[in-house]
Amino acid sequence: MSLNYEPWSLLDRFQQQLNPLSYADKALTTGHDNDYSNVVTSRWRPSVDIKEEADRFLITADLPGVDPKDIEITMDNGILTIKGERQSETRGEAEGYKRVERVSGAFYRRFSLPDTADAERIEAKGKDGVLEVVLPKHEKVQPRKIEVKS
C-alpha cells in the first residue's frame, strides 16, 4: 500500500467546511439584508455572474453537465429560484481515479429581484453548460403633466 502525501488536502478539507458559511451574494438585492442566494442547500453551488444593463439584468450561471431540460426556474414574490441536478457518474479508485473534485447532485440558488425587474418577461436559455436568464426592466413611466382646472 502506497501513501501519497498531498500537502493541499488539509487546506481543501478546511475550505469545504467553510463554504457553507458563505452568505455573501448581494448583487440583485433590493436593499434587504436577507439575500440567501449563497445558502448551501446541496453538495455544489453553480457559479453565477449578475450584470445590470440599461434595460435588463443578466444572470449567467455555469452549469456544466446539466441538461437545460433538467433546470427549473421559478419566480415567486420577488424571488427568482434556479434549481436542478447534475447526474453523477460512479467513480472509484479501482477505475484509476486518484482524486475526484467534480461534484454532482442537486443545486439550488435564490435571488431577490429589485422592483425594476419585470417578472412577467423573464426569459432563459441554456447552451454549452451555460444558463442565461434575462430579466428585463420595467418600461420607464414618463412623467405626466396634470392640468389644474379653475
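For every chain, the first residue of its written sequence is number 1, and the numbers climb from 1 along that sequence. Only residues with pLDDT of at least 70 get local features here, since the model is predicted, and only at 80 or more are side-chain atom pairs given and counted; chain-wide, interface and lining totals rely on the full set of residues. With hydrogens and water stripped out, all remaining heavy atoms of the structure feed into the side-chain values.

Chemist: Looking at this model, I keep getting lost on the overall build of the protein. Mind explaining?
Modeler: The helix and strand labels rest on DSSP assignments: H or I over at least four residues marks a helix, E over at least two residues marks a strand, and numbering proceeds from the N terminus. Within the protein one finds one helix and seven strands. Going from the N terminus to the C terminus, the protein shows its helices and strands as α-β-β-β-β-β-β-β. Evaluated residue by residue, the protein yields a buried proportion of 25% over its 150 residues. Partitioning the intrachain contacts of the protein with sequence separation of at least 6 by distance along the chain shows that 53% fall at a separation of at least 24. Reported accessibility uses the Shrake-Rupley method at a 1.4 Å probe radius. Residues are deemed covered only where the shown protein chains occlude them. Approximately 11600 Å² of the protein is accessible, and the part contributed by carbon and sulfur atoms is 49%. To sort residues, take the accessible area from a 1.4 Å probe on protein chains only and compare it with the maximum for the residue type: under 20% means buried, over 50% means exposed, and anything in between is partly exposed. Contact definition: two residues touch when any of their heavy atoms are within 4.5 Å.

Chemist: I'm lost on the sheet that holds strand E6 (residues 123-127) in this one. Help?
Modeler: The pairing of strands in a sheet comes from backbone hydrogen bonds and takes either a parallel or an antiparallel form. A sheet is described by the order of its strands in space; here four strands give the open sequence E1-E2-E7-E6, paired in antiparallel fashion. If you trace the sheet from one side to the other, it starts and ends with strand E1 (48-52) and E6, each paired once. Neighbouring strand axes in the sheet, compared pairwise and without regard to direction, differ in orientation by 15° on average. DSSP-based pairing: two strands are paired if at least 2 bridges between them are found. As judged from the five bridges shared by E6 and strand E7 (residues 130-136), these two strands associate in the antiparallel manner. By the bridge assignment for E7, Gly-126 is matched with Leu-131. An axis is simply a line fitted to the C-alpha atoms; with a helix, the fit covers only the stretch in contact. Between two such axes, the angle follows the N-to-C directions and lies from 0 to 180 degrees.

Chemist: Which parts of the structure should I look at to understand the pattern of salt bridges?
Modeler: Pairing between side chains of opposite charge can happen when their charged atoms approach one another. Salt bridges are counted wherever a side-chain nitrogen of Lys or Arg sits within 4 Å of a carboxyl oxygen of Asp or Glu. Under the definition given, this model contains six salt bridges. Ionic pairing is found between Lys-83 and Glu-72, a salt bridge with its closest N-O pair at 4.0 Å. You can see Lys-83 sitting in strand E4 (residues 79-86) and its partner Glu-72 sitting in strand E3 (residues 71-76), a full eleven residues away along the chain. Put simply, Lys-51, Glu-53 and Arg-56 are held in one network by salt bridges that share partners.

Chemist: What is the right way to look at the nonpolar core in this model?
Modeler: One recurring pattern in soluble globular proteins is that nonpolar side chains are buried together. Ile-59, Leu-63, Ile-82, Leu-131, Val-133 and Leu-135 are the most contacted members of the largest nonpolar core, which has 16 residues in total. At the level of secondary structure, the elements contributing two or more residues to this core comprise strand E2 (56-62), E4, strand E5 (105-112) and E7. Setting aside residues up to four positions removed in sequence, Val-133 forms contacts with Phe-57, Leu-58, Ile-59, Ile-73, Leu-80, Ile-82, Ile-122, Glu-123 and Ala-124. Put simply, a nonpolar core is a bunch of buried Ala, Val, Leu, Ile, Met, Phe, Trp, Tyr and Cys residues held in one set by side-chain atoms that sit within 4.5 Å of each other.

Chemist: Which parts of the structure should I look at to understand the sheet that holds E5?
Modeler: Pairing in this open sheet of three strands is antiparallel, and the strands run E3-E4-E5 from one edge to the other. Every interior strand has two partners, whereas the edge strands, E3 and E5, have only one. Each strand of the sheet is rotated relative to its neighbour by a mean of 15°, with strand direction disregarded. Judged from the six bridges that link them, E3 and E4 form a sheet pairing that is antiparallel. The residue bridging Thr-74 from the neighbouring strand is Thr-81, located in E4.

Chemist: Explanation requested: the confidence of the model for the protein in the structure shown.
Modeler: Looking at the protein as a whole, the pLDDT averages 77, with 66% of positions reaching at least 70. Residue-level confidence of the predictor, termed pLDDT, takes values from 0 up to 100. Of the regions scoring below 50 in pLDDT, residues 20-36 engages in 33 contacts with residues more than four places distant in sequence or in other chains.

Chemist: Quick question: what am I supposed to make of the environment of Ser-88 here?
Modeler: Checked against the element boundaries, Ser-88 lands in the loop between E4 and E5. Taking the C-alpha atoms as reference points, Ser-88 and Ser-104, separated by 16 residues in sequence, lie 5.1 Å from one another.

Chemist: Sorry, what's going on with the environment of Glu-139 here?
Modeler: By the element assignment, Glu-139 lies in the segment after E7. Spatially, the C-alpha atoms of Glu-139 and Ala-117 are 9.6 Å apart, while their sequence positions differ by 22 residues.

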